[in-house]
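# Commentary on secondary and tertiary structure
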Amino acid sequence: MKRVVKLRVNGLEYEVALEPRRTLAETLRYDLGLTGTKIGCRIGDCGACTVLLDGVPSFSCLVLAVEAEGREILTIEGVADGGRLHPVQQSFVEVGAIQCGFCTPGMVLTALALLKDNPDPTDAQIRRAISGNLCRCTGYQKIIEAIKDAARRMREKQGVL
Amino acid sequence: MSYKILNTRAPRVDAVDKVTGKAQYTDDLSRPGTLRCAILHSPIAHGRILNIDTSRAEKLPGVKAVVTGKDAGDIRYGVSPARYDETILCTDKVRYVGDEVAAVAAVDLDTALEAVSLIAVDYDELPPVLDGSKAMDEEQPQIHEKYKRNICAEVHWKFGEVDSVEKLADHVRTDTLTSKMQDAAFLEPQSILAEFDNTGRLTMYSSTQAPHYIQRTLAMALKIPVEKVRVIKPAVGGGFGPKASCSTAELVTSLLAMKTGRPVKMTFDREQVFLHSRARHQFWHTMTTGVKKDGTLLFLKHRCVLDGGAYASFGIATVYYAGSMLGGPYRLKHMNYDGYRVVTNKPACGAQRGHGAVIARACFETQLDMIAEEIGMDPVELRLKNVMEAGETTCNELYMSSLGMRECIEAVRDKSKWTQSWRKKDEIKKILGSLPSSPSPPSTGGGDKKARGIGVACGFFVSGAGYPIYRSQTYHATVVTRVSETGGFAIVESGAADIGQGSDTVLAMITAEVLGIPLSDVKVISGDSDLSVDLGAYSSRTTLMAGHACKEAAEDCREQILGAVANRLGVDRDDLYIEDALVKSRKGRLDFSPIREQFTLEHRGFTDIPDEEALTFREAARIAFMEKGSIVGTGKYKPPKLGGSFKGATVGTSPAFGCSAQIAEVEVDLETGEVTVLRVTGAHDCGFAINRTQVEGQMQGSISMGMGEALMEEVIYDSCGNIVNSNLAEYKIPTALDMPSLHSIIVETHEPHGPFGAKEVGEGAIMPTIPAILNAIRQATGVKITELPASPERIVMELEKLKQP
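Residues numbered from 1 in each chain as written. Chains lettered and ligands numbered in written order. Predicted model: local features only at pLDDT ≥ 70, side-chain atom pairs only at ≥ 80, totals over all residues.

## Points about the overall build of chain B
Of regular secondary structure, chain B possesses 21 helices and 26 strands. The globule rule puts the C-alpha radius of gyration for 805 residues at 28 Å, and the 28 Å found for chain B is close to it. A total of 805 residues make up chain B; the buried ones form 61% of that total. In chain B, 82% of the contacts between residues at least 6 apart in sequence involve partners at least 24 apart. (Helix = DSSP H or I, 4+ residues; strand = E, 2+ residues; numbered from the N terminus. Rg over C-alpha atoms; globule rule 2.2 N^0.38 Å. Buried ≥ 20, exposed ≤ 12 C-beta atoms within 10 Å, placed from the backbone. Contact = placed C-beta atoms within 7 Å.)

Next comes the structure, spelled out in structure tokens:
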């Protein structure tokens, strides 16, 4: 029996009719067409489906869409400001933190949440923060470098403001 | 030679799409009316199929088609024609838990899965063969009719005169190393979307590494003309080898699409990724190596058994690679190799990063350290003493046209703590004496008794297989490059497969460099079998092979454009060159006013009329178009005849070889057995780095995969052949917390056979990782690992053994 839920994703309101057991990851991808959220395992092991729920990194494959009602959902599609990349995205691009790109959306969102709480993280803090997001391509080296680079950019920007 | 674009750190051409979620992977695609496919997998490891009843499944509302082996036919396919041993769906027997028995297309996945559960299969269960080390024993059941004693392939090589030089050795050692089946654990599970158009042409979107081979296999197994098959590779979330072979999903979705006349889609769940596997084999290596007193390598006697699971897949190449890749990078004139690739009732193994050579390398490099220890030589010195140099040929006839092995070893020695940290034999003995008496339970969170060690290792790998998988004189890569008629843009069309390694960026950079235009003015369209012939992303071939073809295509365009300019201006073509998107003359200022005038007229109505003081590439290309029509350049590449004439000589041949050295520093908890890798310093000779960031990325990714294999990765089976850890929580791959800081050094030796001197990095760089870590563990603890992975449990057991008097 389908239920109608209202989801707030990237600042926009969506009304979706769905089975209560449908996960948020499936809903984002297959009902809303927001395919930037990736599914790598469906059981919360890989982190590819990470989105921010009220600012907190969450595996959207472990969250039912109905549970996300009334919460602020941020997916990778909502990170850039129009055509302008967020500093975290800019750093990922320039530092070379992306290879196959399948973990990238989840990594970026996790990094975003980390930098909001901790604008100047150490390597160890970054490693801990992204430890739930698996990457098989990079050995994490350039992802960590990119997050540090983004942190620097964001601090500099704030210094200017 | 200085370059504007090559050898820089240009961001990947697909980076912005990937970082904004716009890049489309196969599962992101949808077509109207798409059906979903589900597969019925065998629940038993070995058995005869007596009967399949699909009637209840067919009656389920929403089910559009059900297929079994009867519908799919008894056509055999596989990777190596001599070992075609797979059918689209099982016809007579099932050979592993997960073998594909039937498939359903239904309106949605839930219905398809329900239908699969309604299919009833009667099996006559047979005893399974699960231990590859015993698969050849006479009393074992035979899995395939054509593989007697379950031997799928064997190799017997004798290079040089091992028997006669054996007695000349001052020091001889025999060692063994056993590994476990591994999973490639790419983040994106395989995904397929198959659709026939109204002319009967199949278009398949697949997360594949090799559109060309998939196209061939589909045409052969489904009996449709190869021209009627188009395979397109969207963005792919990693492959590392297993995605180079055709999967049942590709075949059954096509079959179901053919049957229903509708698009059919299937995406593996994570368990299916493990079941389909085609990942790293399990190896049992035994090596006997002899050296002179001074460390000079004399001979190697090598025996290897590979457990390949139920089908041949890439395994024929694997058993050859396991032997051939020890021919270098050290001078070794005498080498015997006996390899046996056996089948068992487990998922089929295939190619994975460092195909066939990784565990062989680990066994040999750890043995070298034992030899160094025993003859009292620094392992770095032992290696330097024996390294080959460019221009030398291995005993199995692999020619090293460039080889920076020495430079790599010296670089990692100098940039790591080698000189301070490496311990001689008597110092290792002291550690043994100071080992804690009994391990405390791990629940204490680890003791404070920790030991550090440092280890070195080397390795090398092909830069593109010298021959295609099937016998053919085909070009290995072709590229078609077109310059837009308005002149501002170059479009590169290639069948090459960017699976995340960045080949699109490499092709774009080469094109931009040759044409002298910005990278942003090049668009690469790739991974489509309609665009060009390219054998795919495997054997680290793309930069060299597609790179050559791409360079040639761009040069072809450049010549046409400069030829037209020379013609129009009445100057000598050889005086002209392109730099910063401007056509310039070596003979001083070029009077190009006739071209500017014509372009300005042609370009009426647009706002971007050129006002540069020199002739722009846009104008030149436009003039060339006006003169000749479309400016299309073509390029091609095929290696020359390579290798010896002995049986299996083709495997291991390559136009070039990349090589790598690494030094790992580890800390071992002597109570819990936990190994922490503190730092890895790696140097790789990639000939010439087209993109420095991407070269480092390959080096770092290789180390991560090698570290996982050294310390934690193992596909575990129960006594019935079920995988017990077919998920990414229990099959452990390195997380950010496990990985150390990596220091990557690029060595460039300018490979004469590579485009701009470039050669591989994606696989050579994994070779040293496992042995460098194992050698470091030995240095830290005195433990010599003979079975992988070097898990805490295994280390503790080995430490206990060392304490026995």
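Text resumes after the structure shown.
## A closer look at the overall build of chain A
When you go through chain A residue by residue, the secondary structure sums to 5 helices and 5 strands. Relative to the 2.2 N^0.38 estimate, which gives 15 Å for 161 residues, the radius of gyration of chain A is 16 Å and therefore close to what a compact globule would have. If one aligns the C-alpha atoms of chain A with their principal axes, the spans along those axes are about 50 × 35 × 25 Å. Counting every position in chain A, which comprises 161 residues, the buried fraction comes to 55%. A separation threshold of at least 6 residues defines the contact pool for chain A, and within that pool the share at least 24 residues apart is 59%.

## Quick notes on the environment of arginine 127 of chain A
Within the element layout of this structure, arginine 127 of chain A appears in helix H4 (residues 123–129). Spatially, the C-alpha atom of arginine 127 of chain A lies 14 Å from that of aspartate 149 of chain A, the residues being 22 residues apart in sequence. Setting aside residues up to four positions removed in sequence, arginine 127 of chain A forms contacts with Ile144 of chain A together with Ala736 and Leu737 of chain B.

## Side note on the domain arrangement of chain B
All names here are of chain B. Domain boundaries in chain B define domain 1 (26–126 + 190–267), domain 2 (282–465 + 645–803) and domain 3 (475–637). Each of domain 1 and domain 3 has a C-alpha centre, and these two points are 41 Å apart. If you look at the interface, domain 1 gives 18 residues, while domain 3 gives 14 residues. When residues in the side of domain 1 that touches domain 3 are grouped by element, the largest group, 4 residues, is from helix H6 (residues 211–222). For the side of domain 1 that touches domain 3, a count of residues per class yields 7 nonpolar, 8 polar and 3 charged. (Domains from an automatic or database assignment. Nonpolar A, V, L, I, M, F, W, Y, C, P; charged D, E, K, R; others polar.)

## Notes on the domain arrangement of chain A
Residue and element names in this part refer to chain A. In terms of domains, chain A is made up of domain 1 (3–78) and domain 2 (87–160). Domain 1 and domain 2 are separated by 22 Å when their C-alpha centres are compared. At the level of elements, strand S3 (50–53) and strand S4 (56–59) are the ones that each hand at least two residues to the side of domain 1 that touches domain 2. Among the residues forming the side of domain 1 that touches domain 2, the class breakdown is 9 nonpolar, 6 polar and 1 charged.

## Overview of the sheet that holds strand S7 (residues 151–159) of chain B
All names here are of chain B. Pairing is mixed in the open sheet, where 5 strands are placed in the order S7-S15-S14-S13-S8. Strands with a single pairing partner mark the edges of an open sheet, and in this sheet they are S7 and strand S8 (171–178). On average, each strand axis in the sheet is tilted by 5 degrees relative to the strand beside it, whichever way the strands run. Judged from the 8 bridges that link them, S8 and strand S13 (residues 282–291) form a sheet pairing that is antiparallel. From the neighbouring strand, histidine 171 faces S13, where its bridge partner is valine 291. Helix-sheet contacts for helix H9 (residues 315–324) involve S7, S13, strand S14 (297–307) and strand S15 (334–342), and the interaxial angle to S7 is about 25 degrees. (Pairing = 2+ DSSP bridges. Axes fitted to C-alpha atoms, helices over the stretch in contact; angles between N-to-C directions.)

## A few points about the interface of chain B and chain A
Taken together, the 43 residues of chain B in the interface contact 41 residues of chain A. Of all the secondary-structure elements, those providing two or more residues to the side of chain B that touches chain A are helix H1 (15–19) and helix H19 (692–711) of chain B. Looking at side-chain class alone, the side of chain B that touches chain A contains 20 nonpolar, 16 polar and 7 charged residues.

## Section: the pairing of strand S9 (residues 191–196) of chain B
All names here are of chain B. In terms of burial, S9 is largely enclosed, as 6 of its 6 residues are buried. Along S9, one buried face is formed by Ser191, Leu193 and Glu195 and the opposite face, lined by Ile192, Ala194 and Phe196, is buried too. Summarising the sheet, S9 and strand S12 (residues 264–267) pair through 4 bridges and their orientation is antiparallel. In the sheet register, leucine 193 faces S12, and the bridge partner there is lysine 265. In sequence, S9 turns back onto strand S10 (residues 202–206) through a hairpin of 5 residues, with glycine 200 there showing a positive phi of about 85 degrees.

## Focus on unusual backbone geometry
All names here are of chain B. Backbone torsion omega between glycine 328 and proline 329 reads -5 degrees, so that peptide bond is classified as cis. Looking at where proline 329 falls in the secondary structure, it is placed in the loop between H9 and S15. Cis geometry is adopted by the peptide bond preceding proline 789, which originates at leucine 788 and carries an omega value of -5 degrees. A positive phi angle, near 50 degrees, is found at serine 539, a position not held by glycine. Mapped onto the secondary structure, serine 539 falls in the loop between strand S19 (522–525) and helix H16 (542–569).

## What to know about the nonpolar core
Counting 312 residues, the largest nonpolar core has Cys37, Ala103, Val104, Val252, Leu256, Ile773 and Ile777 of chain B as its most contacted members. Sort the elements by how many residues they give to this core and H16 of chain B lands first, with 13 residues. (Core = buried A, V, L, I, M, F, W, Y, C linked by C-beta atoms within 7 Å.)

## Some thoughts on the packing of H16 of chain B against helix H18 (residues 617–628) of chain B
Residues and elements named next belong to chain B. Direction vectors running N to C along H16 and H18 enclose 80 degrees, while the axes themselves pass 8 Å from each other. Overall, the two elements H16 and H18 adopt an arrangement that is roughly perpendicular. On H18, the residues touching Gln560, Ile561, Ala564, Val565 and Arg568 of H16 are Ala620, Ala621, Ile623, Ala624, Glu627 and Lys628. Taken together, the residues that form the contact of H16 with H18 break down as 7 nonpolar, 1 polar and 3 charged. (Parallel < 35°, antiparallel > 145°, perpendicular 65-115°, else oblique.)

## Here's the deal with the sheet that holds strand S20 (residues 576–579) of chain B
All names here are of chain B. The sheet built from 3 strands is open, its strands ordered S20-S21-S22 with antiparallel pairing. Both outer strands of the open sheet, S20 and strand S22 (615–616), are each paired with one neighbouring strand and no more. Sheet topology places S20 next to strand S21 (residues 582–585); 4 bridges connect them, and they run antiparallel. In the sheet register, isoleucine 578 faces S21, and the bridge partner there is valine 583.

## Some points on the pairing of strand S25 (residues 675–685) of chain B
All names here are of chain B. Counted residue by residue, S25 has 8 buried out of 11 residues, so it is predominantly covered. Both strand S24 (residues 657–669) and S25 contribute to a ladder of 10 bridges, which runs antiparallel. Note on S25: the bridge partner recorded for valine 668 is valine 675. Where S24 folds back on S25, the antiparallel hairpin that results is connected by 5 residues, among which glycine 673 adopts a positive phi of roughly 80 degrees. Sheet analysis places S25 next to strand S26 (residues 741–747), joined by 7 bridges and oriented parallel. Opposite histidine 684, over in S26, you have isoleucine 746 as the bridge partner. On the question of chirality, the crossover connecting S25 to the parallel S26 by way of H19 is right-handed. (Right-handed = clockwise from strand over helix to strand, strands pointing away.)

## What to know about helix H20 (residues 769–781) of chain B
Residues and elements named next belong to chain B. The end-to-end C-alpha separation of H20 is 18 Å, in line with the 18 Å expected for 13 residues at 1.5 Å each. Buried residues dominate H20, accounting for 13 of its 13 residues. At the exit of H20 stands glycine 782, carrying a positive phi of roughly 85 degrees. (Expected span 1.5 Å × (residues − 1).)

## What to know about the confidence of the model for chain B
All names here are of chain B. Of all residues in chain B, 98% attain a pLDDT of 70 or more, and the chain-wide mean is 96. Ignoring residues within four places in sequence, the model shows residues 439–446, a span with pLDDT below 50, making 9 contacts including any to other chains. Predicted as a complex, the structure gets a pTM of 0.97 and an ipTM equal to 0.98. (pLDDT = per-residue confidence, 0-100.)

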